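Descriptive structure summary
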Amino acid sequence: QVQLVESGGGLVQPGGSLRLSCAASGFTFSMYTLNWYRQAPGKERELVATITSAGGYTNYADSVKGRFTISRDNAKNTVYLQMNSLKPEDTAVYYCNAVSTDYSGRNYWGKGTLVTVSS
């Protein structure tokens, strides 16, 4: 069965750091582009970061550029999001998303992990 399981969310103070992990199983992880999305209450889901299948290209939303880093370990079937200098506006449920590179349109979502940035 396909699974994407996020972990690492929690409560952190402004200016703090947190690392999210997403462990994948049930599909060929190395052939998928990986994304992190987030959704705050009352707002649309936002694409935060993208990493290509081999990890050679990354892209970030302007709101997190310079503070967040996406990475992947294909041997471990895991994608990470390192979040530094966190701000209250980063508070959201963060979702891991995998998109196939074979033009099949297949994609998978995790159930999300909550990040709360508050003093």
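What this report covers is the structure whose coordinates are included nearby.

Rules used in this analysis
- Residues numbered from 1 in each chain as written.
- Predicted model: local features only at pLDDT ≥ 70, side-chain atom pairs only at ≥ 80, totals over all residues.
- Heavy atoms only, no water.
- Buried < 20%, exposed > 50% of the residue type's maximum accessible area, 1.4 Å probe, protein only.
- Helix = DSSP H or I, 4+ residues; strand = E, 2+ residues; numbered from the N terminus.
- Pairing = 2+ DSSP bridges.
- Axes fitted to C-alpha atoms, helices over the stretch in contact; angles between N-to-C directions.
- 1 Å grid on protein atoms, 1.4 Å probe; cavity = no way out; pocket = protein on both sides within 12 Å on 5 of 7 lines; lining within 4 Å.
- Points joined across faces, edges and corners; volume = space filled by probe spheres on them.
- Nonpolar A, V, L, I, M, F, W, Y, C, P; charged D, E, K, R; others polar.
- Core = buried A, V, L, I, M, F, W, Y, C linked by side-chain atoms within 4.5 Å.
- Contact = heavy atoms within 4.5 Å.
- Salt bridge = Lys/Arg side-chain N within 4 Å of Asp/Glu carboxyl O.

With that settled, consider the pairing of strand S4 (residues 32-39). The element S4 is largely enclosed, with a buried count of 7 among its 8 residues. Two strands pair when backbone bridges link them, and S4 and strand S9 (residues 92-100) are joined in this way by 8 bridges, in the antiparallel orientation. Across the sheet, Asn 35 pairs through a bridge with Asn 97, a residue of S9. Counting the residues between successive antiparallel strands, the hairpin from S4 to strand S5 (residues 46-51) contains 6 residues, one of them, Gly 42, with a positive phi of roughly 80°.

What follows deals with the sheet that holds strand S8 (residues 78-83). Strand order in the open sheet made by the 4 strands is S1-S3-S8-S7, with antiparallel pairing throughout. With one partner strand each, in any of the chains shown, strand S1 (3-7) and strand S7 (68-73) form the two edges of the open sheet. If you compare each strand with its neighbour and ignore which way they point, the axes differ by 15° on average. As defined by bridge partners, S7 adjoins S8 across 6 bridges and the pair is classed as antiparallel. Within S8, the residue paired with Ser 71 across the bridge is Tyr 80.

Computed from the structure, the largest pocket encloses a volume of approximately 150 Å³. Residue composition of the lining of the largest pocket, grouped by class: 2 nonpolar, 3 polar and 8 charged.

If you look at the biggest cluster of nonpolar residues, it comprises 31 residues, and the most contacted ones within it are Trp 36, Val 79, Leu 81, Met 83 and Tyr 94. Those elements that place two or more of their residues in this core are strand S3 (18-25), S4, S5, S7, S8, S9 and strand S11 (113-117). Sequence-distant contacts of Tyr 94, defined by excluding residues within four places in its chain, comprise Glu 6, Leu 20, Trp 36, Tyr 37, Arg 38, Val 48, Phe 68, Leu 81, Met 83, Gly 112, Thr 113 and Val 115.

As enumerated under the stated definition, the model contains 4 salt bridges in all. Put simply, Glu 46 and Arg 38 hold a salt bridge, and the shortest N to O gap is 2.9 Å. Here Glu 46 falls in the partly exposed class, since its relative accessible area comes to 29%. A relative accessible area of 7% means that Arg 38 is categorised as buried. Note that Asp 62 and Lys 65 form a salt bridge whose closest N and O atoms lie 3.3 Å from each other. We classify Asp 62 as exposed; its relative accessible area is 69%. Counted as one network, the salt bridges with shared partners bring together Arg 38, Glu 46, Arg 67 and Asp 90.

Spatial relationships are all this shows, so hold off on functional conclusions.
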